[in-house]
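Residue strings, one per chain:
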Amino acid sequence: VKTDMVMKTHKDSVFIKKILSKFAAPLFAQNADIGASSLLYAATERDIDGGALYGPKYIFIGRPACFEGKAISHNKEIAAQLWESSEHSTQFKYCL
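Fair warning: this is a prediction, and the values are worked out from it, not measured in the lab.

So, how was this worked out
Residues numbered from 1 in each chain as written. Predicted model: local features only at pLDDT ≥ 70, side-chain atom pairs only at ≥ 80, totals over all residues. Heavy atoms only, no water. Helix = DSSP H or I, 4+ residues; strand = E, 2+ residues; numbered from the N terminus. Contact = heavy atoms within 4.5 Å. Pairing = 2+ DSSP bridges. Phe/Tyr/Trp six-rings, centres within 6.5 Å; stacked < 30°, edge-to-face > 60°. Buried < 20%, exposed > 50% of the residue type's maximum accessible area, 1.4 Å probe, protein only. Salt bridge = Lys/Arg side-chain N within 4 Å of Asp/Glu carboxyl O.

> Hey, could you run me through the environment of Gly62 in this one?
When you line up the elements, Gly62 lands in strand S2 (residues 61–67). Separated by 32 residues in the primary sequence, Gly62 and Gln30 place their C-alpha atoms 8.0 Å from one another. Ignoring anything within four residues of it in the chain, the contact list for Gly62 reads Gln30, Ile34, Pro56 and Lys57.

> Honestly, the pairing of strand S1 (residues 53–58) in this entry has me stumped. Any pointers?
Side chains on a regular strand alternate between the two faces of the sheet. One ladder, built from 5 bridges, connects S1 with S2; its direction is antiparallel. The residue of S2 that forms the bridge with Gly55 is Ala65. Counted between consecutive antiparallel strands, the loop separating S1 from S2 contains 2 residues, among which Ile59 sits at a positive phi close to 65°.

> Explain the packing of aromatic side chains here, please?
How two aromatic rings sit relative to each other is given by the distance of their centres and the angle of their planes. Throughout the structure, instances matching the rule amount to 2 aromatic pairs. A centroid spacing of 5.6 Å and a plane angle of 55° characterise the contact between Tyr41 and Tyr54, whose relative ring orientation is tilted. Placement of Tyr41 in helix H3 (residues 37–44) and of Tyr54 in strand S1 is noted, with a sequence separation of 13 residues between them. Relative accessible area serves as the criterion here: at 30%, Tyr41 is assigned to the partly exposed category. Centroid distance Trp83 to Tyr94: 6.3 Å. Interplanar angle 70°. Geometry classified as edge-to-face. Of the two residues, Trp83 sits in helix H4 (residues 76–90) while Tyr94 sits in the segment after H4, which places them 11 residues apart along the sequence. Accessibility expressed as a relative area gives 43% for Trp83, which makes it partly exposed.

> Can you walk me through the pattern of salt bridges in this structure?
Pairing between side chains of opposite charge can happen when their charged atoms approach one another. Enumeration according to the criterion identifies 1 salt bridge in this entry. With its nearest N and O atoms 3.4 Å apart, the salt bridge here joins Glu87 to Lys93. Residue class for Lys93 comes out exposed when judged on its relative accessible area of 62%.

All quantities given are derived from atomic positions and should not be read as evidence of function.
What follows is the structure, given as structure tokens:
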């Protein structure tokens, strides 16, 4: 998604960030509204498969599409680690 997120990361060269933002983003990213469409589709569409993965149809760009995903994307231990890391990073604990 074309946002200024790349510029706000740390420990990277400012020059490289500017190059990525100027040249790579227009080719391999979509605007924030379209970028959010896969997440919104997965969260609101009634006729989707639970546990399926949704993202841009053409890897980086495109309307939402369903993907089977690699085996690692269904690994519950890694998912739990990612969840914990996300809670730590956002300083928000979501009670399930």
